[in-house]
Amino acid sequence: MSEASVAVHADADLLAQAVAARLVVKLLDAQAERGQAAVVLTGGRIAAAVYRAVAALPARDAVDWSRVDVWWGDERFLPAGDPERNETQARAALLDAVPLDPARVHPMPASDGPAGADPEAGAAAYAQELARAARPGHATLPHFDVLMLGVGEDGHVASVFPEHPVHHDNRPVSAVRGSPKPPPLRTTLTLPAINTAEEVWLVASGADKARAVGMALAGAGPVQLPAAGVQGVTRTLWLLDRAAAADVPPRSRSLR
Ligand SMILES: O=C(O)[C@H](O)[C@@H](O)[C@H](O)[C@H](O)COP(=O)(O)O
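All of the points below concern the structure found in this document. Everything numeric here is computed off the predicted structure, so don't read it as measured data.

**Let's talk about the overall build of the protein**
Next, step 1: A tally of regular secondary structure across the protein gives 7 helices and 9 strands.
Next, step 2: For a compact globule of 256 residues, the expected C-alpha radius of gyration is about 18 Å, and the protein comes in at 17 Å, within 12% of that figure.
Next, step 3: Burial analysis of the protein (256 residues in total) assigns 54% to the buried set.
Next, step 4: Long-range pairs, those at least 24 residues apart, make up 76% of the contacts in the protein between residues at least 6 apart in sequence.
Next, step 5: Of the roughly 10,500 Å² of accessible surface on the protein, 55% is carried by carbon and sulfur atoms.
Next, step 6: Of the side chains in the protein, 24 bear a positive and 29 a negative charge, and the two mean positions are spaced by 3 Å.

Right under this line is the structure:
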């Protein structure tokens, strides 16, 4: 179990640059240690800024992208190529610009995909894809070197929303209906699956995130504030800009 640590940057742009630099180093370190790397992506504005910043970093070419597995922590259940899909956003911002092995890019199902228009079937299909890549000794999930999350104003992470039935789902992947953030249908890794990642990075920018970030670090309950239930195996890292860090409790501030 890892203690959370907090890094604060002056503004959203510097935050995105710093997270991008960390991500490149994390992928390089994982490849040095394991010969490959696995990253779990998320959606939202700050994630898109991070992906664009990675694409613009010359050091990105030091990564062997053909040995990177790309997974998603959540997805909006929409047709393939829909501009609102997290996959579409990540491809445009980064994935299309680097020489990935298409077989190692694992988008969550689209509503017009082979699993059909039923989000439950889509979630089951993604769970199977994860299980096929499972690491030795683990039945259901591959090794995730780093899993990135945005944080909602309400404290949601991935598509795990406060007080939502997804909290009672103990499968690794859940179909979400009635998401308070549009669109209503989504697919998400559940908190127990998220927490199998070696490192989890929670990235948040802007004053409207300050309350949720502060409450999560102060030890709120995960059903009321899902971000509070996130814990990477070796590291839980909050990467914030100053505005989002305004309510970080004093005992976390010493880590800044
Ligand atoms: O699909 C999604 O909508 C995201 O995965 C979601 O969890 C997002 O990361 C947060 O809502 C933060 O988004 P912003 O950075 O845009 O505020």
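From this point, the narrative continues.
**A few points about the packing of aromatic side chains**
Next, step 1: For the structure on display, the rule yields 2 aromatic pairs.
Next, step 2: Plain terms: the ring middles of W71 and Y126 are 6.0 Å apart, the flat faces sit at 75° to each other, and that makes the pair edge-to-face. Taken together, the residues W71 in strand β3 (residues 68-72) and Y126 in helix α4 (residues 119-132) connect sequence positions 55 residues apart. With respect to class, W71 is no different from Y126; both count as buried.
Next, step 3: Judged by centre distance (6.4 Å) and plane angle (65°), the rings of W71 and F144 are edge-to-face. Of this pair, W71 sits in strand β3 while F144 sits in the loop between α4 and β5 (146-150), and the two are 73 residues apart along the sequence. Across the pair, exposure class does not vary: W71 and F144 are buried alike.
Next, step 4: Put simply, the rings of W71, Y126 and F144 pair up and form one aromatic cluster.

What counts and what doesn't
Residues numbered from 1 in each chain as written. Predicted model: local features only at pLDDT ≥ 70, side-chain atom pairs only at ≥ 80, totals over all residues. Heavy atoms only, no water. Helix = DSSP H or I, 4+ residues; strand = E, 2+ residues; numbered from the N terminus. Rg over C-alpha atoms; globule rule 2.2 N^0.38 Å. Buried < 20%, exposed > 50% of the residue type's maximum accessible area, 1.4 Å probe, protein only. Contact = heavy atoms within 4.5 Å. Areas by Shrake-Rupley, 256 points an atom, 1.4 Å probe, with all protein chains shown as cover. Lys, Arg positive; Asp, Glu negative; His and termini not counted. Charge placed at Lys NZ, Arg CZ, Asp CG, Glu CD. Phe/Tyr/Trp six-rings, centres within 6.5 Å; stacked < 30°, edge-to-face > 60°.

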